[in-house]
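# Examining the three-dimensional arrangement
The chain contents come next:
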Amino acid sequence: MTFPTYFETFDARQMLEDYPVGDAFTARYTSMSRDALHALQNERFIKLMKRGWQVPFYQRLWGAKGIEAGDIRGLEDITKLPVYDKTDLMASIAAYPPFGDFAGMGGADRPPTIFHTTSGTTGRPQALLFGPKGREITNLLVGRMYRWQGLSPQDVVQSVYGHGMINGGHYIREAVTHFTNSIFLSAGTGIETRSISQVGLMADFNVTVLTGFIDYIRKLAEVAKAEGLLEKINIKMICGHLGTEDRAGVEQAWGGAKAFDWYGVGDTGSIAGEGPERDGLYVWEDAQYLELLGVDDGAPVAAGETGDMVVTCLFKDDIAPCIRFNTHDITHELSGANQTGMVFKRIAGFKGRSDNMVKLRGINVFPHAIGALIENRPDLTGEFVCHLSRDPASQRDDMIVTLESRGGTDEAQLAGLLRQGLGVEVSIRLVEVGGTAAATQIDVRQKPIRLIDQRGV
């Protein structure tokens, strides 16, 4: 039986020409105009749409709206296409098990296919499928971002992203090893490599860069200090998902390391990341077409307004094309010129989830916003969890915010701070260091739980 191997299914040299890295990346996109960038996006979108029409999921999704192939001539028509989200993908899997019909894998002649799952943060884990070309470009986007931020071949990188079926740890390992030449330690989460062993690896192998979710990276600094290893570890760079989390706190915890933010989801890979100046997240517009749509009406938001991030992967035209996927993560676009001369637009980064927003006595509350409100407080560790409850008699909703305190916290002052920042009164409960770990599952989850809804609705 004859079939192509992974590396025979795409042209790696052409990929690097189409999606340059290193000096070639900055040279191309600091000299390109917005008009030329749009023309490049449009060319890639037209090719992507041809692939989309071959996929049963899109045939059904678009056909239900009466859309025919000739109706979509280019990016100017993209808003005619319906958006979809994880619920649609999970419905596809339920109807066409086990992988759904959104991948377009075909029969026995399908190309090599990489299979992982999401972490299941918002429910049952979702199947993630990639073809060789799509997979390597998602790896490339992260690798070139790390290099632009300052990662060098002399660095030793330790990743605390999860493995197993979860995509994150595998994806980051491929990004670093395929596109940066840095040494890579695939430590994984605290359940894969105990926290004490994690900091031991950092000291033993002269780790200089940490990648992962900021919550756990911050906790590891506490562990290194407790083990007497903090002075033996020289972390210069942290690449993680800051979102609403505290940059200054994690930088201080690791002795002045520079923390860089980036954003992406399992279905799309990296969508945006900070540049060396750390002034907003650049959208990788040669690969991703990002729309910001109103949470309630689905219409494009005005400049500077917050909306759902809806993503089209312009490069993913092999397995599982991604065309107008609603992440339900919210952000807003930044205005003004950037300091690097890069042609790409910038966003503020992850600001919460529209489907995880809590309406508390008429006020929209995003639990992740609490992290920013309590940053840089020496009396708090930065760890918290929210419990939402409903009084059965009055039907009044209340939120209790449990926070870890090192001691000396003024509860009344803290309650006032949260009331002012959130716009609504919440109750607070202080616990000792480590007291939220069981609820947030910070040691075993890639993304700690920040909201526990006990209303039974």
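Structure's up top.
Glancing now at the state of the cysteines. Evaluation of the coordinates by the stated rule reveals 0 disulfides. Between Cys322, a free cysteine, and Cys313, which holds the nearest cysteine sulfur, the sulfur-to-sulfur gap is 3.9 Å. Classification of Cys322 by relative accessible area gives buried; the value is 3%.

This part takes up the pattern of salt bridges. Counted by the stated rule, this structure contains 25 salt bridges. Salt bridges sharing partners connect three or more residues here, namely Asp215, Arg218, Glu383 and Arg450.

Time to look at the sheet that holds strand 3 (residues 156–159). Sheet strands line up and pair through hydrogen bonds in the backbone, either parallel or antiparallel. Read across the open sheet, the 8 strands follow the order 4-3-5-6-7-8-9-13; overall the sheet is mixed. A strand with exactly one partner marks an edge of an open sheet, and here the two such strands are strand 4 (183–186) and strand 13 (346–347). Sheet topology places strand 9 (residues 281–283) next to strand 13; 2 bridges connect them, and they run antiparallel. By the bridge assignment, Leu281 is partnered in strand 13 with Ile347. Docked against the sheet, helix 9 (residues 214–226) engages strand 5 (209–213) and strand 6 (237–241), running at close to 130° with respect to strand 5.

A surface patch of nonpolar side chains, about 250 Å² in accessible area, is lined by Phe99, Phe115 and Met165. As for its placement among the helices and strands, Met165 is situated in the loop between strand 3 and helix 7 (167–179).

Okay, the packing of aromatic side chains next. Evaluated as defined, the whole model comprises 19 aromatic pairs. A ring pair is formed by Trp53 and Trp62, whose centres lie 4.9 Å apart and whose planes are at 70°; its orientation type is edge-to-face. For the cation-ring pair, Arg278 lies above Phe260, with the distance from its terminal atom to the ring centre recorded as 5.7 Å. Geometry around Phe384 places Arg450 over its ring, the cationic atom sitting 4.7 Å from the centre.

Right, let's talk about the nonpolar core for a bit. Counting residues in hydrophobic clusters, the biggest one holds 83 residues, and the most contacted among them are Leu81, Tyr146, Ile172 and Phe344. Examining the composition of this core, we find that 7 residues originate from one element, helix 6 (residues 132–149), more than from any other. Contact partners of Tyr146, with chain neighbours within four places excluded, come to Leu151, Ile172, Val176, Thr211, Met237, Cys239 and Trp262. In this structure, Ile217, Leu220, Ile233 and Trp254 belong to the second largest nonpolar core, which totals 24 residues.

For strand 6, the buried fraction is high: 5 of the 5 residues fall into the buried class. Alternating positions in strand 6 separate into two faces, Met237, Cys239 and His241 on one and Ile238 and Gly240 on the other, with burial throughout. Relative to strand 6, strand 5 runs parallel, the two sharing 5 bridges. Following the sheet pairing, Leu210 is matched in strand 6 by Ile238. As for the winding sense of the linkage, the β-α-β connection from strand 5 through helix 9 to strand 6 is right-handed. Judged from the 4 bridges that link them, strand 6 and strand 7 (residues 258–265) form a sheet pairing that is parallel. Counted as the bridge partner of Cys239 is Phe260 from strand 7. Where the polypeptide runs from strand 6 across helix 10 (residues 247–253) and back to strand 7, its parallel neighbour, the crossover connection is right-handed.

A word on the environment of Gln41. Its place among the elements puts Gln41 in helix 3 (residues 34–52). Those residues within four positions of Gln41 in sequence are excluded, and the remaining contacts are Leu75, Glu285, Gln288, Tyr289 and Leu314.

Two elements in contact, helix 8 (residues 195–204) and helix 9, have axes whose closest approach is 9 Å; the angle formed by their N-to-C orientations is 80°. With respect to helix 9, the axis of helix 8 lies roughly perpendicular. For the pair helix 8 and helix 9, contact is made by Ser195, Ile196, Gln198, Val199 and Met202 and by Tyr216, Leu220, Val223 and Ala224, respectively. Of the residues assigned to the contact of helix 8 with helix 9, the class counts are 7 nonpolar, 2 polar and no charged.

So, how was this worked out
- Residues numbered from 1 in each chain as written.
- Predicted model: local features only at pLDDT ≥ 70, side-chain atom pairs only at ≥ 80, totals over all residues.
- Heavy atoms only, no water.
- Disulfide = S-S within 2.5 Å.
- Buried < 20%, exposed > 50% of the residue type's maximum accessible area, 1.4 Å probe, protein only.
- Salt bridge = Lys/Arg side-chain N within 4 Å of Asp/Glu carboxyl O.
- Pairing = 2+ DSSP bridges.
- Helix = DSSP H or I, 4+ residues; strand = E, 2+ residues; numbered from the N terminus.
- Contact = heavy atoms within 4.5 Å.
- Axes fitted to C-alpha atoms, helices over the stretch in contact; angles between N-to-C directions.
- Patch = residues over 30% accessible without salt bridge, like charges linked within 9 Å, V, L, I, M, F, W, Y side chains within 5 Å.
- Areas by Shrake-Rupley, 256 points an atom, 1.4 Å probe, with all protein chains shown as cover.
- Phe/Tyr/Trp six-rings, centres within 6.5 Å; stacked < 30°, edge-to-face > 60°.
- Lys NZ or Arg CZ within 6 Å of the ring centre and 35° of its normal.
- Core = buried A, V, L, I, M, F, W, Y, C linked by side-chain atoms within 4.5 Å.
- Right-handed = clockwise from strand over helix to strand, strands pointing away.
- Parallel < 35°, antiparallel > 145°, perpendicular 65-115°, else oblique.
- Nonpolar A, V, L, I, M, F, W, Y, C, P; charged D, E, K, R; others polar.

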